[in-house]
Amino acid sequence: MAGGGVIGVGGGDGRKPYPGNLTPYVTITCIVAAMGGLIFGYDIGISGGVTTMTPFLQKFFRKVWEKKEADKSTNQYCQYDSQTLTMFTSSLYLAALLSSLVASTVTRRLGRKLSMLFGGLLFFAGALINGFAKAVWMLIVGRMLLGFGVGFANQSVPLYLSEMAPYKYRGALNIGFQLSITVGILIANVLNYFFAKIKGGWGWRLSLGGAMVPALIITVGSLVLPDTPNSMIERGQTEEARAKLKKIRGVDDVDEEFKDLVAASDASKLVDHPWTNLLQRKYRPHLTMAILIPFFQQLTGINVIMFYAPVLFNTIGFGDDASLMSAVITGIVNVGATLVSIYGVDKWGRRFLFLEGGVQMLICQAVVAACIGAKFGVSGNPGDLPKWYAIAVVLFICIYVAGFAWSWGPLGWLVPSEIFPLEIRSAAQSVNVSVNMIFTFAVAQVFLSMLCHLKFGLFLFFAFFVVVMSIFVYYFLPETKGIPIEEMNQVWRSHWYWSRFVEEADYPNGGMEMSKGNHGPKNV
């Protein structure tokens, strides 16, 4: 069939694009949907700051507070080492893992919008319980409800954005989700800084309860957003989907794209068990990316910075106020660098950003490890830490955050959401979210113990994985820039390694004609 993304026909780059424009309707829709990232980002930012607030520690984690206050000259690496404290942070991600599996079925059968709605409502309930918490068990229950909300939102929002966006702008619009995450982190860090100053020691309640605001945004947003044509076709609303496609593309000539969407939907209906289907040989590259990209994203070490930025800065010699302000600074850098990614992802390509960000993070992790190691050694007692020394550490941490924020941060969500065929899309996205949450949970749970035992070597531990994942991207990740989402299988058929798993006969939709002439974009 004739389809968008035909190779060797027209255009300077050999691709025949689907007609369509970046309409104000789509732009506003994607901005509203991307707000789903606020709940994830707000939580990442808020939890680390709250765990440095003295009234919070005194009320819920008194042993940690006593160890922190007992002797300032003791090993700074170990002052926050508490499995109960880390369970407060990491329980959310365990819940998100479980809910993402349920969210797959909801997203596929009931649509992307309903998953967003469930995510917002569950997050709101968790924030309410945490804000009024009287005991640790209430904190944990609240965190798990927050996690259920995150699981639904992270499952549905990236898929929604990739399906709504015109393929030429898919990268930039999808990264709006990551931008919202970074904005949420920044807002949380700023609020922590000011709420920590409230007399009476109840500012932590405002920090935790404040999560109700981003929860309301995504809840209300999900009620007013349109559904994606892909999802409408999947649920049998064919004519409504055609009309919706015309509206979001801003043109009447949508026949080619619509035919490809219908063909993809027909193929997906032949699949009774998408989870089992994922194990087929032809989906080997998709499954590999769904597992390894989120795995590597979490082992960049970014959570060392984002979850525990105030704890980390406090550990390396900053006072409580200064550590919270340093977290605000890294949050600002995070937002700014994500804007760079939005600008460049559809210009420079995914692979370039992945590889450049990897090199940048590797250099900064080595420098930070050397700086902390030289001053703290293995004893963890730095003595008097010069101001310029602390500033240098923060500077390199900021450069590291920038490298992540324009590479593995947004692309870790973008690339998996755009490479899956419709018949496995919801199930594969659940695998992506689940793996992300498994390792987010693991890193959050063991980080403080690792800091205590590995000391400055912790940064070298993560640097090793940055090297491994950069090698993986160089050899195994094809470029997906400028490929319509329903024609993405051409990148696997033209890849030096993955082509052995993907046969043309496996993908009749958009497959046969695209194989004529040129054989697809070469790896950058």
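Residues numbered from 1 in each chain as written. Predicted model: local features only at pLDDT ≥ 70, side-chain atom pairs only at ≥ 80, totals over all residues. Heavy atoms only, no water.

S.K.: How would you summarise the overall build of the chain if you had to cite specific residues and measurements?
M.R.: Each helix and strand counted, the chain has 24 helices and two strands in total. The buried share of the chain, taken over its 524 residues, is 62%. A total of about 18,700 Å² of accessible surface is found on the chain, and carbon and sulfur atoms cover 68% of it. (Helix = DSSP H or I, 4+ residues; strand = E, 2+ residues; numbered from the N terminus. Buried < 20%, exposed > 50% of the residue type's maximum accessible area, 1.4 Å probe, protein only. Areas by Shrake-Rupley, 256 points an atom, 1.4 Å probe, with all protein chains shown as cover.)

S.K.: Break down the packing of helix H7 (residues 136-164) against helix H21 (residues 408-419) for me, citing the residues and quoting the values.
M.R.: Here H7 crosses H21 at 70°, and the two axes come no closer than 9 Å. Taken together, the axes of H7 and H21 lie roughly perpendicular to each other. Every pair of crossing elements has a handedness; the one defined by H7 and H21 is right-handed. When H7 is examined against H21, the residues Asn154, Pro158, Leu159 and Ser162 are found in contact with a partner set consisting of Trp413, Ser417 and Glu418. Counted by class, the contact of H7 with H21 contains three nonpolar, three polar and one charged residues. (Axes fitted to C-alpha atoms, helices over the stretch in contact; angles between N-to-C directions. Parallel < 35°, antiparallel > 145°, perpendicular 65-115°, else oblique. Left-handed = near helix turned anticlockwise from the far one by under 90°. Contact = heavy atoms within 4.5 Å. Nonpolar A, V, L, I, M, F, W, Y, C, P; charged D, E, K, R; others polar.)

S.K.: Pulling in residues and values, what's your account of the pattern of salt bridges?
M.R.: Applying the stated criterion to the full structure yields seven salt bridges. With a shortest N-O distance of 2.7 Å, Glu163 and Arg112 are connected by a salt bridge. Of this pair, Glu163 sits in helix H7 while Arg112 sits in helix H6 (residues 112-131), and the two are 51 residues apart along the sequence. By the burial criterion, Glu163 is buried, and Arg112 matches it. (Salt bridge = Lys/Arg side-chain N within 4 Å of Asp/Glu carboxyl O.)

S.K.: Would you mind going over empty space enclosed by the protein in detail, with residue names and values included?
M.R.: Per the counting criterion, the structure on display carries eight cavities of 30 Å³ or more. Its boundaries defined by the atoms lining it, the second largest cavity holds a volume of some 110 Å³. Lining the second largest cavity are 16 residues; nearest its centre among them are Glu163, Ala165, Arg249, Glu257 and Ile485. The set of elements that each furnish at least two residues to the lining of the second largest cavity consists of H7, helix H11 (229-234), helix H12 (238-249) and helix H13 (255-269). Considering only residue class, the lining of the second largest cavity consists of nine nonpolar, two polar and five charged. (1 Å grid on protein atoms, 1.4 Å probe; cavity = no way out; pocket = protein on both sides within 12 Å on 5 of 7 lines; lining within 4 Å. Points joined across faces, edges and corners; volume = space filled by probe spheres on them.)

S.K.: Tell me about a nonpolar patch on the surface, residues and numbers included.
M.R.: On the surface, a nonpolar cluster with roughly 590 Å² of combined accessible area is contributed by Leu362, Val467, Ile471, Tyr474, Tyr475 and Trp496. When residues in the nonpolar patch are grouped by element, the largest group, four residues, is from helix H23 (residues 457-476). Residue position: Ile471 is located in helix H23. By relative accessible area, which is 46% here, Ile471 ends up partly exposed. (Patch = residues over 30% accessible without salt bridge, like charges linked within 9 Å, V, L, I, M, F, W, Y side chains within 5 Å.)

S.K.: A description of the nonpolar core should follow, citing residues and the corresponding values.
M.R.: Judged by nonpolar contacts, the single largest core of 61 residues is most densely connected at Met289, Trp408 and Leu411. When residues of this core are traced back to their parent elements, those giving at least two are helix H15 (284-298), helix H18 (320-348), helix H19 (350-376), helix H20 (387-405), H21, helix H22 (422-454), H23 and helix H24 (489-493). Sequence-distant contacts of Leu411, defined by excluding residues within four places in its chain, comprise Ile175, Val345, Arg350, Leu353, Phe354 and Pro416. Counting residues in each nonpolar core, the second largest holds 60 residues, with Phe60, Phe61, Leu208 and Ala215 among its members. (Core = buried A, V, L, I, M, F, W, Y, C linked by side-chain atoms within 4.5 Å.)

S.K.: Let's hear about the side chain of Thr182: which residues, and what values?
M.R.: One can find Thr182 in helix H8 (residues 170-195). The exposure class assigned to Thr182 is buried, which follows from its relative accessible area of 0%. When residues no more than four places from it in sequence are discounted, the contact partners of Thr182 are Asn334, Val335 and Thr338.

S.K.: Residue-level account of the packing of aromatic side chains, with values.
M.R.: Counted according to the given criterion, the structure contains 29 aromatic pairs. Seen in terms of ring centroids, Phe295 and Phe439 are 4.7 Å apart; in terms of plane orientation they differ by 80°. Their pairing is edge-to-face. Here Phe295 is found in helix H15, whereas its partner Phe439 is found in helix H22, with 144 residues between them in sequence. Plain terms: the ring middles of Phe476 and Trp496 are 5.7 Å apart, the flat faces sit at 35° to each other, and that makes the pair tilted. Here Trp496 lies in the segment after H24 and Phe476 lies in helix H23, a separation of 20 residues in the sequence. On the basis of relative accessibility, which here comes to 24%, the residue Phe476 falls in the partly exposed class. Judged by its relative accessible area of 48%, Trp496 is partly exposed. Lys59 extends its terminal NZ or CZ atom over the ring of Phe60, reaching a point 5.7 Å from the ring centre. Over the ring of Tyr474 we find Arg351; its NZ or CZ atom is 5.9 Å from the centre of that ring. (Phe/Tyr/Trp six-rings, centres within 6.5 Å; stacked < 30°, edge-to-face > 60°. Lys NZ or Arg CZ within 6 Å of the ring centre and 35° of its normal.)

S.K.: Requested: an account of the confidence of the model for the chain, with residues and values cited.
M.R.: Here the chain shows a mean pLDDT of 79. Residues at 70 or above account for 82%. Long-range and interchain partners of residues 1-15, a stretch whose pLDDT sits below 50, account for 47 contacts in this model, where long-range means more than four residues apart. Below a pLDDT of 50 lies the segment residues 508-524, which in the model reaches 40 contacts outside its immediate sequence neighbourhood of four places, other chains included. (pLDDT = per-residue confidence, 0-100.)

S.K.: Hey, could you go over the environment of Val190 for me, with residue numbers and the actual values?
M.R.: Position of Val190 among the secondary structure elements: in helix H8. Using a relative accessible area of 29% as the deciding quantity, one classes Val190 as partly exposed. Here the alpha-carbon distance between Val190 and Val328, two residues 138 residues apart in the chain, equals 5.9 Å.

S.K.: Before we move on, can you summarise the packing of H8 against H21 with the specific residues and values?
M.R.: At a minimum axis separation of 9 Å, H8 and H21 run at an interaxial angle of 130°. Of the possible angle classes, the one that applies to H8 and H21 is oblique. By crossing handedness, the relation of H8 to H21 is classed as right-handed. For the pair formed by H8 and H21, the contact residues are Arg170, Gly171, Asn174, Ile175, Phe177, Gln178 and Ile181 on the first element and Gly409, Pro410, Leu411, Trp413, Leu414, Ser417 and Glu418 on the second. Considering only residue class, the contact of H8 with H21 consists of seven nonpolar, five polar and two charged.

S.K.: Can you lay out helix H1 (residues 24-34) for me, pointing to particular residues and giving the numbers?
M.R.: Residues of H1 that are buried include every one of Val26, Thr29, Cys30, Ala33 and Ala34, and no others. Axial view of H1: buried residues confined to an arc of 130°, hence all on one face. Relative to its buried face, H1 has exposed residues pointing more than 90 degrees away, namely Pro24 and Ile28. Of the surrounding elements, those touching the buried residues of H1 are helix H2 (37-50), H6, H7, H8, helix H10 (212-224) and H12. (Arc of directions from axis to C-beta.)

S.K.: How would you summarise the side chain of Asn130 if you had to cite specific residues and measurements?
M.R.: As for its position among the elements, Asn130 is in helix H6. Excluding anything up to four places from it in sequence, Asn130 contacts Met138, Leu139, Gly142, Arg143, Leu146, Trp204 and Leu208.

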